[in-house]
Amino acid sequence: MKSVLVIGGYGGFGARLCRRLAEDGWRVIIAGRNLAKAEALAATITSGVPTIFDREGDVEAALASLSPMLLIDAAGPFQNSDYRVAQACIAQGIHYLDLADARAFVTGITELNSITEKAGVAVVSGASSVPALSGAVLRELAEGLSEVTRVDMAISASDKSTAGTSVASAILSYVGQPLAIWQGRRWRKTYGWQKVRRASVCDQHGKRTSRLLSSADVPDLDIVPQALKGHPATSFNAGSEFGFQVWTLWVLSWPVRWGLLKSLTAMRRVLLPLQSLTRPFSSGTSFMTVDVHGRTPDRFEKRRWELIATEGRGPEIPVMAAQLLARTVSKGTLKSGARHAAEELSLNDFAPHFEELEIETNTTRTAYEPLYKRVMGASFYRLPKPVRTMHEVCGDGGAVGIATVTRGRNPLAQLVAAIMRFPKAGEHNLHVSFREDDGCETWERDFAGATFRSELSEKDGKLVERFGPLRFQFELPSDACGLKMMMVGWSAFGISLPLFLAPKTVATETAEDGVFVFDVAIALPLIGDIVHYRGSLKPCSSAQI
């Protein structure tokens, strides 16, 4: 009988994995520092063998005495961990898998590739919900797309999912910490467990589950932008069943972001018992969503995959990938080398497990028409190609260029410009990020570090641009040379105001020598010129990743 050693085998995920491996015919060595817990689980598994295993000790000697064919590390946390266990496996000729979701650990495993190939063993990191399952979903959703512009992923676990110390430590390690995300065609900084948003799924019976989520740090944030055609913007959000838990971590994230606390990891001893108090009130429903925006040869599309696990079955999902990969090890078909698990499995591999547990999955595809196309109709196609290209936003986009800025000299004009965060006078390197959500676009203009943003939407056939409480309505007369923005109404705090009091805006978008050119001048009655910026933009090159 082939043996597999599972580190952390008696933990929340490890125990589930051990039972699955035993069902597949493995002799399961349940390993960890607590022999009593390993023995208790082994007593419930026909082929279970308990043992003491300390990953900080002489790992190579321990492996030599146990001689497993495969080791699976289900313990964690993997944040700030090293590769000593994987290296010991390589030295002993033992295949290695783990359930890691630590970004640097999973993506950095390739540094072991050369010695792993020489040893003829496989070392695969991230054999769990991310990046193994998420990677399988993304490859299927991206099929047939010539370009993927944006990927959004989310996981919400029910409170019946036992959160052990290692899971809690992993989450708390990045709360309030800076995270790098690929967005607007460049790397940007955000912070762990901030930017709270709401997500929902609807099951086949029409029951909707809605949860709060916040930004999480996972390997996919590095893997996806480089793996998919188009180098899409990528986000990942996570959350628990009860909104107050999400808001609690959001509040606690700020002292970390401000540098008042180094980390929240030590708070797991307080937060874990509090989290357990809500378990009796849990619905037992967990869900996972993956959204892909992209372009086919004929149109833009939004594609969505949903998974809904009820009756507390969600915790089975993170161990499925490890079980599937263990089967390939047993068959001798898992190729040697060190890599992450994002491209190891297909969605069809998971399907029998979902069906067995009555876990519901659903995929939808819908066509999308960009904002300026909706507003302009057929006249959009008469625009010069550089202007059309700049406004074909689906999901995410970015452009770079040069802008020259002048400001009005009136002190009141200077005050207004400062309040609106308009750029200072001079020549600036310019980056513009375009983000589309539910048909609305957010434009963030970065003039050499000075940023201001506005939100654009459509109402009654007009383009509406919002700056805080101010909304401006525009018609977009156009011809083969370009378009103009002609203000036809405005409001503040939802109250319509007389047009003669509105800012005087002259804005044009044209093309020169195949390059998008803009010219925007803003003035106020009685005050005069506020700001005038003009320049050129080109879509960002994918080489910048």
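Placed above this text is the structure.
On a predicted model such as this, the values are computed, not experimentally measured, just so you know. (Residues numbered from 1 in each chain as written. Predicted model: local features only at pLDDT ≥ 70, side-chain atom pairs only at ≥ 80, totals over all residues. Heavy atoms only, no water.)

Draft legend 1. Spatial organisation of the packing of aromatic side chains. Under the counting rule described, the total for this entry stands at 19 aromatic pairs. Arranged with centres 6.3 Å apart and planes meeting at 70°, the rings of Phe 467 and Phe 472 form a pair that is edge-to-face. Across the pair, exposure class does not vary: Phe 467 and Phe 472 are buried alike. With 5.9 Å between their ring centres and 5° between their planes, Phe 472 and Trp 490 make a pair best called stacked. Highlighted residues: Phe 472 in strand S22 (residues 470-475) and Trp 490 in strand S24 (residues 482-492), separated in sequence by 18 residues. Trp 490 carries the same exposure label as Phe 472, and that label is buried. These aromatic residues form a ring-pair network of at least three members: Phe 422, Phe 447, Phe 452, Phe 516, Phe 518 and Tyr 533. Sitting over the face of the ring of Tyr 368, Lys 302 holds its NZ or CZ atom 4.4 Å from the ring centroid. (Phe/Tyr/Trp six-rings, centres within 6.5 Å; stacked < 30°, edge-to-face > 60°. Buried < 20%, exposed > 50% of the residue type's maximum accessible area, 1.4 Å probe, protein only. Helix = DSSP H or I, 4+ residues; strand = E, 2+ residues; numbered from the N terminus. Lys NZ or Arg CZ within 6 Å of the ring centre and 35° of its normal.)

Draft legend 2. Layout of the side chain of Glu 306. Position of Glu 306 among the secondary structure elements: in strand S14 (residues 300-309). Taking the relative accessible area as the measure of exposure, Glu 306 reaches 10% and is therefore buried. In terms of polar contacts, Glu 306 uses its side chain to reach the side chain of Arg 304, at 2.6 Å. Residues contacting Glu 306, with those up to four places away along its chain left out, are Ser 200, Val 201, Cys 202, Met 288, Thr 289, Glu 360, Thr 361 and Asn 362. (Polar contact = N/O pair within 3.5 Å; in protein donor to acceptor, adjacent residues only side chain to side chain. Contact = heavy atoms within 4.5 Å.)

Draft legend 3. Main features of helix H12 (residues 317-331). In a regular helix each residue adds 1.5 Å, so 15 residues correspond to 21 Å; H12 covers 23 Å between its end C-alpha atoms and thus fits that length. Within H12, 11 of the 15 residues are buried, leaving the element largely enclosed by the surrounding structure. What H12 keeps buried is the set Ile 317, Pro 318, Val 319, Met 320, Ala 321, Ala 322, Gln 323, Leu 324, Leu 325, Ala 326 and Val 329. With its phi angle positive at about 80°, Gly 332 sits one or two positions after the end of H12. (Expected span 1.5 Å × (residues − 1).)

Draft legend 4. Local environment of the sheet that holds strand S2 (residues 27-32). Strand order in this open sheet of seven strands is S3-S2-S1-S4-S5-S6-S15, and the pairing throughout is parallel. This sheet does not close on itself; its edge strands, each paired only once, are strand S3 (48-52) and strand S15 (337-340). For this sheet, the mean inter-axis angle between neighbouring strands, taken without regard to orientation, is 15°. For S2 and S3, the ladder comprises five bridges, and the chain directions are parallel. Along S3, the bridge assignment pairs Ala 31 with Thr 51. Seen against the sheet, helix H2 (residues 35-42) touches S2 and S3 and runs at an angle of roughly 180° to S3. (Pairing = 2+ DSSP bridges. Axes fitted to C-alpha atoms, helices over the stretch in contact; angles between N-to-C directions.)

Draft legend 5. Representation of the pattern of salt bridges. The final tally for this structure, using the stated rule, is 29 salt bridges. Between Asp 82 and Arg 84 there is a salt bridge; the shortest N-O distance is 3.1 Å. Residue Asp 82 is classed as partly exposed on the basis of its relative accessible area, which comes to 37%. A salt bridge links Glu 444 to Arg 188; the nearest nitrogen and oxygen atoms lie 2.5 Å apart. Here Glu 444 is found in strand S19 (residues 440-447), whereas its partner Arg 188 is found in strand S9 (residues 186-191), with 256 residues between them in sequence. Taking the relative accessible area as the measure of exposure, Glu 444 reaches 8% and is therefore buried. (Salt bridge = Lys/Arg side-chain N within 4 Å of Asp/Glu carboxyl O.)

Draft legend 6. How the structure looks around the packing of helix H7 (residues 129-141) against helix H13 (residues 347-356). One way to put it is that H7 packs onto H13 with a least axis distance of 9 Å and a crossing angle of 120°. Residue-level inspection shows Ala 132, Leu 133, Ala 136, Val 137 and Glu 140 of H7 in contact with H13, the latter providing Leu 347, Phe 350 and Phe 354.

Draft legend 7. The arrangement of unusual backbone geometry in detail. In this chain, Val 130 is followed by Pro 131 through a cis amide linkage whose omega measures 0°. Following the sequence through the fold, Pro 131 ends up in helix H7. At Ser 67, a residue that is not glycine, the phi angle is positive and equals roughly 50°. Secondary-structure assignment places Ser 67 in the loop between helix H3 (59-66) and strand S4 (70-73). Its relative accessible area of 51% is what places Ser 67 among the exposed residues. Phi at His 231 is positive, roughly 50°, even though this residue is not glycine. The residue His 231 is located in the loop between helix H9 (220-227) and strand S12 (233-239) in this model.

Shape is all these values report; function is a separate question.
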